[in-house]
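Listed below, chain by chain, are the residues.
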Amino acid sequence: MLTLLDYQIEGTINWRTLVLLGSVVWAANLWFFWQGFKHFRLPAWMFIAVPLIFLQPQYADNTTWSISILQQSVIIFWFSLLSYLCAQQKYTWALVVAIAATFTHGNGFFSFLIIILLAISDRKWKTVAVCAGIWAAVGLVYFWDFRTGQNADFGKSLSDPARLVMSFFAFFGSVTKIRTQNAYYAVSLGFLLATVLGVYIIPKLKVLFYKTGYQLSAFDKMLLGNILFLGITGSLIAISRSWLGIDGILAPRYQHYSPYLICWAYVVLLSFFNLRYRKIAAAVVTVGAVAFNALSYFTYHEQVQLRKDGLIADESNWINHRTMIQYARSFNDNIKGVYLEAVATGICTVEDQFSNIVIADSPETDANLRFGEATSYIIDTDGSYSQRFQSISNNHLTGTTYLFLQSGQQKGYWVPTRILHSGIREFLSSGRLRKPGFHAEFLTENLPPADYRIGILNDGQFSWSSQRILIK
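Described in the following lines is the structure provided in the data block.

The rules behind each value
Residues numbered from 1 in each chain as written. Predicted model: local features only at pLDDT ≥ 70, side-chain atom pairs only at ≥ 80, totals over all residues. Heavy atoms only, no water. Salt bridge = Lys/Arg side-chain N within 4 Å of Asp/Glu carboxyl O. Helix = DSSP H or I, 4+ residues; strand = E, 2+ residues; numbered from the N terminus. Buried < 20%, exposed > 50% of the residue type's maximum accessible area, 1.4 Å probe, protein only. Contact = heavy atoms within 4.5 Å. Pairing = 2+ DSSP bridges. Axes fitted to C-alpha atoms, helices over the stretch in contact; angles between N-to-C directions. Core = buried A, V, L, I, M, F, W, Y, C linked by side-chain atoms within 4.5 Å. Patch = residues over 30% accessible without salt bridge, like charges linked within 9 Å, V, L, I, M, F, W, Y side chains within 5 Å. Areas by Shrake-Rupley, 256 points an atom, 1.4 Å probe, with all protein chains shown as cover. Parallel < 35°, antiparallel > 145°, perpendicular 65-115°, else oblique. Phe/Tyr/Trp six-rings, centres within 6.5 Å; stacked < 30°, edge-to-face > 60°. Lys NZ or Arg CZ within 6 Å of the ring centre and 35° of its normal. Expected span 1.5 Å × (residues − 1).

## Section: the pattern of salt bridges
Using the criterion set out here, one finds five salt bridges in the structure. Between Asp122 and Lys221 there is a salt bridge, with the nearest N and O atoms lying 2.9 Å from each other. With a gap of 99 residues between them, Asp122 in the loop between α8 (111–121) and α9 (125–142) and Lys221 in helix α13 (residues 218–241) connect regions that are remote in the sequence. We note that Asp122, like Lys221, is buried. Between Glu302 and Arg418 there is a salt bridge whose closest N-O contact spans 3.4 Å. Placement of Glu302 in helix α16 (residues 275–321) and of Arg418 in strand β6 (residues 418–421) is noted, with a sequence separation of 116 residues between them.

Structure (structure tokens):
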């Protein structure tokens, strides 16, 4: 919907506009956290920790991948807004949001269930009936020719209940990946966050159930709506994907849910303390949030840079070869026809940012490149597949580097490189964020077998390496 709107306004799909729009919508969630602070009359300085936890690059897919941010991030805003509208008893507008959410992301279909449950808490029986009817009508449209998502296997996931439950909690504790790959830390953090929210909301729900005339406050209803949304989303991901293992739940495109839940838990946690201990708790969390935010940027900055450089390189590769070397051949085959048509009709535009950079008689240097090969295995619902990667690395060049692989007089392929950043101790002792050198990796299946000459574009200066590489 947003993509179509952008196309109608700009005459083409501008991915930069969509990423910017998605980022603004994502940041707008801060307003809902602020409503919690207003409800508990918390001082503004305690809010400093919230944007530091919430806005950081760990969930890199949702800051550089436009479709992901428009789905994964925007859906959270829709549910936040829907919960707020229900809390204000503006159910008509909430239904409009629910329809938008349904066609934004798969779990948006369950937004109607949240409206129904919150309307029941308000004893709005007519609203419940109207919402159920609209939900059924939207469902007919939504499930027409419906197919399960890629890599979704409910049977395999349900076959291991312990893994299923741990995957659910790991989904909400994924911020631990900033420092450790051990998924059980994510499971533990997710369980702790769920416990904090449960300790707050469950007693209120018991009173609502047993005490006639009792009403949840606007904040409690907004929080309940968000808890229901997170619970539904976590359950859907666990049921459909946990068969891949707990690590499969911790994909970057899902890692924004964890800081979102942490921010709600922080608001609730402050309400547990008296004034003195609340100040202490807020001060500790704020210091921790500063460290967390800095650590996130330190850990993920080179990944974000690699994603940007990879998009620039593959834009040129697409123009010259109709392939993107960072994706599997099957993906390239699937999109080729559609994307060719989209570019030909002006729906999408592409630009080769490397035109006129390569000069055949550029100087030749000894870059001391190192080569390696690796095989990775991908598992999906249809089976297991192997992919062969070629790596090229260097331990002394600094700055932004692209590699250029050319066979004979054919048009070459551009390959982005990952910068090497210092470890924490090295950074603290030397002040250097980056180490000399780079590492590049690409799928060999996307390049025709040949003997390739290697060009190096380092900080805008192009030269040829005296070394060559044979792709078999």
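From this point, the discussion proceeds with the structure in view.
## Some details on the side chain of Asp220
Tracing the backbone shows Asp220 in helix α13. In this view, Asp220 contacts Tyr200, Ile201 and Lys204; residues no more than four positions away in its chain are not counted.

## Structural notes on the sheet that holds strand β9 (residues 461–471)
Reading across the sheet, the five strands line up as β1-β9-β8-β4-β5 and stay open at both edges, with mixed pairing between neighbours. Only two strands of the sheet have a single partner each, and these edge strands are β1 (364–365) and β5 (413–416). Sheet topology places strand β4 (residues 401–406) next to β5; four bridges connect them, and they run antiparallel. Each bridged residue has a counterpart across the sheet, and for Leu403 the counterpart in β5 is Val415. Most of the contacts of α16 go to β5, to which it runs at about 170 degrees, and overall it touches β4 and β5.

## Focus: the nonpolar core
Counting residues in each nonpolar core, the largest one holds 91 residues, and the members touching the most others are Phe33, Phe37, Ile115 and Trp264. Considering each element in turn, this core owes the most residues, 13 residues, to helix α6 (residues 66–87). Excluding residues that lie within four positions of it along the chain, Trp264 makes contacts with Phe32, Phe33, Leu197, Phe219, Met222, Leu223 and Asn226. With 19 residues, the next largest nonpolar core counts Leu397, Tyr413, Ala440 and Ile454 among its residues.

## Quick notes on a nonpolar patch on the surface
Together, Ile99, Phe103, Leu140 and Val141 make up a nonpolar patch on the protein surface, roughly 400 Å² of accessible area in all. You can see Phe103 is positioned in the loop between α7 (91–102) and α8. Residue classification places Phe103 among the partly exposed residues on the basis of a relative accessible area of 44%.

## Quick word on the packing of helix α11 (residues 161–172) against helix α12 (residues 183–210)
Between two packed helices, what matters for the description is the angle formed by their axes and the separation of those axes. α12 packs onto α11 with a crossing angle of 80 degrees between their chain directions and a minimal axis gap of 6 Å. Taken together, α11 and α12 sit at an angle that is classed as roughly perpendicular. Of the residues in α12, those touching α11 at Met166, Phe169, Ala170 and Phe172 are Tyr184, Ala186, Val187, Gly190, Phe191, Leu193 and Ala194.

## A short note on the pairing of β4
Extensive coverage of β4 is indicated by the burial of six of its six residues. Where burial is concerned, the two faces of β4 agree: the one with Thr401, Leu403 and Leu405 and the one with Tyr402, Phe404 and Gln406 are both buried. Looking at chain direction, β4 and strand β8 (residues 450–458) are connected through six bridges and run antiparallel. Bridged to Leu403 within β8 is Ile456. Between β4 and β5, which pair antiparallel and follow one another directly, the connecting turn spans six residues, one of which, Gly408, has a positive phi of 60 degrees.

## Section: the side chain of Gln72
With respect to the secondary-structure elements, Gln72 resides in helix α6. Setting aside anything within four residues of it in sequence, one finds Gln72 in contact with Asn62, His105, Arg253, Tyr254, His256 and Tyr257.

## Notes on the pairing of β8
Most of β8 sits out of view: seven of its nine residues are buried. Here β8 pairs with β9 via eight bridges, running antiparallel. Looking at the pairing, Ala450 lines up with Ile471 of β9. The antiparallel pairing of β8 with β9 creates a hairpin that spans two residues between the two strands, and Asp459 there sits at a positive phi of about 50 degrees.

## Here we look at the packing of aromatic side chains
Counted under the stated rule, the structure contains 46 aromatic pairs. Judged by centre distance (6.1 Å) and plane angle (65 degrees), the rings of Phe103 and Tyr142 are edge-to-face. Taken as a pair, Phe103 in the loop between α7 and α8 and Tyr142 in helix α9 lie far apart in primary sequence, 39 residues in all. For the ring pair Phe404 and Phe462, a centre distance of 6.2 Å and an interplane angle of 75 degrees mean the geometry is edge-to-face. Of this pair, Phe404 sits in strand β4 while Phe462 sits in strand β9; the two residues are 58 residues apart in sequence, bridging distant segments of the chain. The class of Phe404 is buried, set by a relative accessible area of 5%. Taken together, the aromatic side chains of Trp26, Phe33, Phe40, Phe54, Tyr59, Tyr200, Phe219, Tyr260, Trp264 and Phe272 make up a single cluster linked through ring pairs. Here Arg276 stacks its cationic end above the ring of Tyr277, 5.5 Å away from the centre of that ring. Residue placement shows Arg453 over the ring face of Trp464; its charged tip is 3.9 Å from the ring centre.

## Regarding α13
For the α-helix, the turn length of 3.6 residues means that residues three or four positions removed from each other point alike. With 24 residues, α13 should cover 34 Å at 1.5 Å per step; its first-to-last C-alpha distance of 34 Å lies within 8% of that length. Counting buried positions along α13 yields 17 of 24 residues, so the element is predominantly enclosed.

## A closer look at unusual backbone geometry
One non-glycine residue with positive phi stands out, namely Arg123, at about 60 degrees. Note on placement: Arg123 falls in the loop between α8 and α9.

## As for the environment of Val358
Within the secondary structure, Val358 is located in the loop between α17 (329–344) and β1. The partly exposed category is assigned to Val358, whose relative accessible area is 29%. Put simply, Val358 and Thr417 are 59 residues apart on the chain and 17 Å apart in space, counted from C-alpha to C-alpha. The contact partners of Val358, leaving out residues within four places of it in the chain, are Phe404, Trp414, Phe462 and Trp464.

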